Amino acid sequence: LPPVHFVSISTEVYMDQYYIDLGLVARQWEWLRQDLMRANANRSEAPWIVVGGHRPLYCSCDGDCDGASETLRDGVWDG
């Protein structure tokens, strides 16, 4: 099994629809962007990059996702 670059992010920063700390979101986004750029430059040493968080980006269940997956994807992709 080749080396893996693991990244864990807070998915909760996108979930509070009434109070979103945009400063926290921006800091995490910039940190993630920088980390992934460094990891991508090191693909010869660690070819796999895995990003995970508490909430799933995609969900195939009936009713258990309550829109959280879409909210998270919107937060990530709109960054």
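K.L.:
Before we go on, may I ask you to explain the overall build of the chain in this structure?
P.N.:
When its secondary structure is counted, the chain shows two helices and two strands. The N-to-C order of helical and strand elements in the chain reads β-α-β-α. Every one of the 79 residues in the chain was classed for burial, and the buried ones make up 23%. The long-range share in the chain, meaning contacts at least 24 apart out of those at least 6 apart in sequence, stands at 59%. Just so you have it, the chain exposes about 5,900 Å², and 55% of that area is on carbon and sulfur atoms.

K.L.:
Sorry, what's going on with the pattern of salt bridges here?
P.N.:
Two side chains with opposite charge may pair up if their charged atoms get near one another. Taken as a whole and judged by the stated rule, the model has one salt bridge. The residue E30 makes a salt bridge to R33 at a minimum N-O spacing of 2.9 Å. Taken together, the residues span about one helical turn, with E30 and R33 both in helix α1 (residues 22–41) at a distance of three residues. E30 gets classed as partly exposed once you look at its relative accessible area, which sits at 33%. A relative accessible area of 36% places R33 in the partly exposed class.

K.L.:
Please explain the environment of G52 as it appears in this structure.
P.N.:
By the secondary structure assignment, G52 is in strand β2 (residues 48–52). Linking G52 and T11, residues 41 residues apart in sequence, is a C-alpha distance of 8.8 Å. When residues no more than four places from it in sequence are discounted, the contact partners of G52 are V7, S8 and I9.

K.L.:
Looking at this structure, how should I read α1?
P.N.:
One full turn of an α-helix is made of 3.6 residues, so residues set three or four places apart face in the same direction. The terminal C-alpha atoms of α1, which comprises 20 residues, lie 28 Å apart, in line with the 28 Å expected from a rise of 1.5 Å per residue. Regarding α1, its N-cap is D21, as a side-chain oxygen of that residue lies 3.1 Å from the backbone nitrogen of G23 further along.

K.L.:
Quick question: what am I supposed to make of the side chain of Q28 here?
P.N.:
With respect to the secondary-structure elements, Q28 resides in helix α1. Q28 gets classed as buried once you look at its relative accessible area, which sits at 15%. Apart from residues lying up to four places away in sequence, Q28 is in contact with I9, S10, V13 and Y14.

K.L.:
How do you make sense of a nonpolar patch on the surface when you look at a structure like this?
P.N.:
Together, F6, W48 and V50 line one region of the surface with nonpolar side chains, adding up to about 360 Å² of accessible area. Judged by relative accessible area, which is 62%, F6 ranks as exposed.

Each value, and the rule that gives it
Residues numbered from 1 in each chain as written. Predicted model: local features only at pLDDT ≥ 70, side-chain atom pairs only at ≥ 80, totals over all residues. Heavy atoms only, no water. Helix = DSSP H or I, 4+ residues; strand = E, 2+ residues; numbered from the N terminus. Buried < 20%, exposed > 50% of the residue type's maximum accessible area, 1.4 Å probe, protein only. Contact = heavy atoms within 4.5 Å. Areas by Shrake-Rupley, 256 points an atom, 1.4 Å probe, with all protein chains shown as cover. Salt bridge = Lys/Arg side-chain N within 4 Å of Asp/Glu carboxyl O. Expected span 1.5 Å × (residues − 1). Polar contact = N/O pair within 3.5 Å; in protein donor to acceptor, adjacent residues only side chain to side chain. Patch = residues over 30% accessible without salt bridge, like charges linked within 9 Å, V, L, I, M, F, W, Y side chains within 5 Å.

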